[in-house]
Amino acid sequence: MTTRAKIVPTIFLLFFPITYFLWLLLYSSDQWVTSIVTSSIFVLLGFICLMFLWWRIKDPNEVKTFWFFLRIGILLYLISNVYWLISILTFGSLVYPNFSYLFWTLSYFFYLLALFYLIKELDSSRVSKDYYFNLVIFMICAIAVSIHYLIKPIVTLSNHDVIFTIISLSFPILGLGILFLLIRLYYILRFKGSFKKYSLLVLAFGIQILGDSVFGYQSIYGTYQIGSTSDVLWLTSYSLIGVFTFYYSHTSTKARRGIDDSVGFLYLEKIFPYIVISLLLLLLVHSYNWAFNALSFGFTIIFILIITRMYIINNRNESLLKEYSYLAYHDQLTGLYNRASFISDLYGLIERPALRGIEKNMAIFLLDLDGFKKVNDTLGHFTGDILLKMVAQRLRSVLDEKIRIYRLGGDEFLILIPNIDEKQSETIAKTVLQQFGSPFVFEHHELTITPSIGISLYPEHGKDSEALVKAADVAMYHAKEKGKNNFHFFNSDLNRTFSRKIVIETELRKAIENNEFILFYQPKVNLKTGKIVGIEALIRWTHPKLGSISPVEFIPIAEETGMIVDIGEWVLRTACKQIKLWHEKGLPEMKVSVNASLRQFQLGSFPRLVEETLELIGISPDLLEIEITESIMQNVNETIPVLKSLRALGVKVSIDDFGTGYSSLYVLKELPIDIIKIDKSFLDDINDYKKRSVVKSILDIGNNLGLEVVAEGIENVKQIDLLLKYHCMVGQGYYFSKPIPADEVEVLINSNSMTSYL
Ligand code: C2E
Ligand code: MG
Ligand code: MG
């Protein structure tokens, strides 16, 4: 409906009380004329209302009984006024006829019924019971005022005239009834979220009751005459009923859950009992003609103090409540939303619309910081917290205000983007990654931290929050596996990898017990002489159903779950037993290196385990070497004592995969180690000038620090030539031998030469 179409009938209907009021102000000198005009306007308005009721709400599809009784009420009102008009015109009487009184009163009875049925038909079962207190306060006040100012004087005035008493009393009593239902209706409508639809009706009846009260008061004290305030109020009330009827047929019923504050009455409702009770106090004092004595004075002051205190306590409670609900839905550290908030938001955005058959596109980004644990471990949790806050701020600053960001815990963040497709998601993911390009600067630190982002889309990848988060999680893991600092969309293939990961995790737990592990051995060779100078033990896992599973796949899972500790212990024991066996067989003594994981190092008890194992099996410590990756450099304070203890035992220590990770040359100097192993990625492409110069630098540094340098992954003679040129003496790789079972390597050791390859 256009605004114009709405305004015209509103103006038309409000025209009646306004012109009537103006006319009263300017010309109402003659009582007879005023009576004629008043009754005519009442009739005309009643007729228009009735017409609206019949034509606009022809066949109501809800609250039918309400409309039925409202029509009858208006009809009775119309009849009462038509009769009045006729009686003025025919008998010239200025008194409102008894017959009209009867119909007017009867009409109230039907309004009461109409409101009663409206409440019933609106189904108030779900309405909060909190408002009863307000209702009771208001009704007590209204009844008290009504008895004092209307009912009691009527009874006194009536002088035992029964008919007069009944008719006069029915007004305030029916009025109280309507008032009661009106307040109940008000709360029901507010709770159902359809207040706007009926607001004019509530207002109309409210004004009508006001008109009745004014009329009652005036007639008791003999001040009423036609054209008084009550007449203007009644006219306004009926014209509002007309407007309400007109609007009703044009407003859709869209009920919302919870209290609807679109009308902004929440505050008014809160202070309402205070206003009412203060008003009552004023009337009370007034009824005593403001004659205060010490008692009433004391009472009034205490009353005001108590009211003030209640108000303050109420306000404090409310702000506490707000704070609690803030805490319940926010992450305390970063101020972002939390998991609980995410679940409720997603319910609102997906599950509730889905019930109505609506599906809106949406993307869920699961963002995990790469290597955040390292920051926490090396710089402490305090610094970790600062970094998380800065990450939260940075995310907030890149993303549109409408996009909600949540912290799920730890270094996991979630971003919820409604109304978005795959392409737009990609753009946003790229922007986020770009923003992490510059370092976070705080205190004395300058940290660069990157995120890995997994993206799942609604509705393609899941229909509920659980499925969508799981899909984003799978995608995020994939982004991490693909080298971190990137993003990945979910797809069903990923699910397969993910399930494989879960299968591996479960199977790994049983692998030691079931004897599914064995050790393979790969010789380390003197590049000049071709003699075997050592052997690296490498774990192999053959699963009865899944077949052979590479350590590249299962070692990270074992590390993640902590199972690496048991596996590492098994590897160490098995390698030592093998050394012992070869010794007993009289093979030439050969140093065997065993790979250890950072998790084992961090236990602290690792050196003792090594010592006990050596003792138990009975081999010399100088036959054992421990290989550990550069990751130990994350926290040198923690690892240096472990390295020292190992060396004190007489065990050699080497840094594996050197050059790939965190090595800082400064730290290298401080580390109590014997050997560094150049990672094979540097030898993969020796034609690459940059890689060649890295190899040379590592060798220079190693040689300068007096460390032995071993090259990994030698696959051809060209690599050997280059290494020799750079003074690298030891290497291992497929060129000499792949990792092979113990009995096969035994043969090689026995011949103790790989010269045929050189
Ligand atoms: P790593 O300790 O650096 O082991 C060297 C890896 O390079 C081995 O892979 C080996 O088979 C492979 N390799 C050796 N020479 C060549 C070559 O010329 N060309 C190529 N392409 N590869 C070569 P593998 O056995 O698959 O082990 C992978 C990684 O798994 C190991 O890297 C090590 O970090 C880890 N790992 C293996 N066994 C254990 C273990 O018992 N404990 C722990 N904690 N980690 C282990
Ligand atoms: Mg190794
Ligand atoms: Mg290596």
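Residues numbered from 1 in each chain as written. Chains lettered and ligands numbered in written order. Predicted model: local features only at pLDDT ≥ 70, side-chain atom pairs only at ≥ 80, totals over all residues. Heavy atoms only, no water.

Caption draft 1: View of the sheet that holds strand β6 (residues 451-458). Taken in spatial order, the five strands make up an open sheet running β2-β3-β1-β6-β7, and their pairing is mixed. Either end of the sheet is taken by a strand with one partner, and the two such strands are β2 (404-409) and β7 (487-489). Ignoring which end each strand starts from, the neighbouring axes of this sheet average 20° apart. On top of the sheet, helix α15 (residues 465-481) reaches β1 (362-369), β3 (412-418), β6 and β7; it is set at about 145° to β6, its chief contact. (Pairing = 2+ DSSP bridges. Helix = DSSP H or I, 4+ residues; strand = E, 2+ residues; numbered from the N terminus. Axes fitted to C-alpha atoms, helices over the stretch in contact; angles between N-to-C directions. Contact = heavy atoms within 4.5 Å.)

Caption draft 2: Inspection of the pairing of strand β8 (residues 517-526) at higher detail. Counting buried positions along β8 gives nine out of ten residues, so the element sits mostly inside the fold. Of the pairings in the sheet, the one linking β8 to strand β9 (residues 532-543) comprises nine bridges and is antiparallel in character. Across the sheet, the residue bridging to V525 is I532, located in β9. Taking the residues that link successive antiparallel strands as the turn, the β8-β9 hairpin has five residues, and the phi of G530 there is positive, at about 80°. (Buried < 20%, exposed > 50% of the residue type's maximum accessible area, 1.4 Å probe, protein only.)

Caption draft 3: Representation of the coordination of the magnesium ion (ligand 2) within the structure. Each protein donor to the magnesium ion (ligand 2) is listed here as E536 (OE), N595 (OD1), E627 (OE) and D656 (OD); together their distances run 2.0 to 2.3 Å. Each donor residue of the magnesium ion (ligand 2) belongs to the same chain, with the gaps between them written as E-x58-N-x31-E-x28-D. A spacing of 4.2 Å is found between the magnesium ion (ligand 2) and the magnesium ion (ligand 3), which share D656 as a donor. Within this pair, whereas E536 is found in strand β9, its partner E627 is found in strand β12 (residues 624-629), the two being separated by 91 residues in sequence. E627 shares its class with E536; the two are buried. (Donors = N, O, S within 2.8 Å, 3.2 Å for Na, K, Ca; no water.)

Caption draft 4: How the structure looks around the coordination of the magnesium ion (ligand 3). Those donors, D656 (OD), D657 (OD), E712 (OE) and E712 (OE), are the protein atoms that reach the magnesium ion (ligand 3), and they lie 2.0 to 2.5 Å from it. For D656, a relative accessible area of 6% corresponds to the buried category. Judged by its relative accessible area of 25%, D657 falls in the partly exposed class.

Caption draft 5: Geometry of the pairing of β6. Most of β6 is tucked away: eight of the eight residues are buried. Pairing between β1 and β6: eight bridges, direction antiparallel. Among the inter-strand pairings, L369 is bridged to a residue of β6, identified as P451. Taken together, β6, α15 and β7 form a β-α-β motif whose crossover is left-handed. (Right-handed = clockwise from strand over helix to strand, strands pointing away.)

Caption draft 6: The environment of L399, seen in detail. Mapped onto the secondary structure, L399 falls in the loop between α13 (381-398) and β2. Overall, the relative accessible area of 8% leaves L399 in the buried class. Along the primary structure L399 and L284 are separated by 115 residues, whereas in three dimensions their C-alpha atoms are 60 Å apart. Each residue touching L399, except ones within four places of it in the same chain, is listed here: I405, I415, I428 and V432.

Caption draft 7: Fine view of the confidence of the model for the protein chain. Looking at the protein chain, pLDDT values average 87 and 94% of them are 70 or higher. Below a pLDDT of 50 lies the segment residues 253-259, which in the model reaches 14 contacts outside its immediate sequence neighbourhood of four places, other chains included. (pLDDT = per-residue confidence, 0-100.)

Caption draft 8: Here's a closer look at helix α18 (residues 564-585). The terminal C-alpha atoms of α18, which comprises 22 residues, lie 31 Å apart, in line with the 32 Å expected from a rise of 1.5 Å per residue. For α18, the complete set of buried residues consists of I564, I567, G568, W570, V571, L572, A575, C576, Q578, I579 and W582. (Expected span 1.5 Å × (residues − 1).)

Caption draft 9: Here's a closer look at the side chain of E536. Classification of E536 by relative accessible area gives buried; the value is 4%. Apart from residues no more than four positions distant in its own chain, E536 is found in contact with F520, Y521, Q522, K524, S593, N595, E627, D656, K677 and Q732.

Caption draft 10: Expanded view of a nonpolar patch on the surface. Judged by side-chain polarity, L279, L282, W290, F292, F297, I301 and L305 come together as a nonpolar surface patch covering roughly 710 Å² of accessible area. Of all elements in the fold, only α9 (266-287) and α10 (294-329) reach the threshold of two or more residues within the nonpolar patch. Of all the elements, α10 adds the most residues to the nonpolar patch, at three residues. With respect to the helices and strands, L305 occurs in helix α10. Look at L305 and you get exposed, because its relative accessible area is 55%. (Patch = residues over 30% accessible without salt bridge, like charges linked within 9 Å, V, L, I, M, F, W, Y side chains within 5 Å. Areas by Shrake-Rupley, 256 points an atom, 1.4 Å probe, with all protein chains shown as cover. Salt bridge = Lys/Arg side-chain N within 4 Å of Asp/Glu carboxyl O.)

Caption draft 11: Here's a closer look at the domain arrangement of the protein chain. Its domain assignment divides the protein chain into domain 1 (3-260), domain 2 (339-490) and domain 3 (504-757). A separation of 95 Å is found between the C-alpha centroids of domain 1 and domain 3. (Domains from an automatic or database assignment.)

Caption draft 12: Up close: helix α7 (residues 195-220). Taking 1.5 Å of rise per residue, 26 residues should cover 38 Å, and α7 covers 36 Å from first to last C-alpha, within 8% of that figure. Two residues or fewer past α7, G222 is found with a positive phi of approximately 70°.

Caption draft 13: Layout of the site of ligand 1. In the vicinity of ligand 1 lie 23 residues, with R540, N595, D656, E715 and Y734 positioned nearest. Note that an oxygen atom of ligand 1 is positioned 3.0 Å from one of the side-chain N or O atoms of E536. The contact in question runs from an oxygen atom of ligand 1 to an N or O atom on the side chain of D656, over 2.8 Å. Here ligand 1 loses 85% of its free accessible area of 790 Å² to cover by the protein chains. Secondary structure elements with two or more residues in the shell around ligand 1: β9, α17 (551-561), β11 (591-596) and β13 (652-658). A total of four residues in the shell around ligand 1 trace back to one element, the largest contributor, which is β9. Of the residues that constitute the shell around ligand 1, the class distribution is ten nonpolar, five polar and eight charged. (Near = heavy atom within 4 Å. Polar contact = N/O pair within 3.5 Å; in protein donor to acceptor, adjacent residues only side chain to side chain. Nonpolar A, V, L, I, M, F, W, Y, C, P; charged D, E, K, R; others polar.)

Caption draft 14: Examining the pattern of salt bridges more closely. In this structure the tally under the stated criterion is 19 salt bridges. Shared partners join several salt bridges into a network, and the residues in it are K524, E536, K591, E625, E627, K677 and E712.

Caption draft 15: Spotlight on the nonpolar core. F601 and L671 are the most contacted members of the largest nonpolar core, which totals 82 residues. A total of nine residues in this core trace back to one element, the largest contributor, which is α18. Each residue touching F601, except ones within four places of it in the same chain, is listed here: A596, F606, I626, I628, I632, T639, V642, L643 and L646. In this structure, L76, L176, L182 and L240 belong to the second largest nonpolar core, which totals 80 residues. (Core = buried A, V, L, I, M, F, W, Y, C linked by side-chain atoms within 4.5 Å.)

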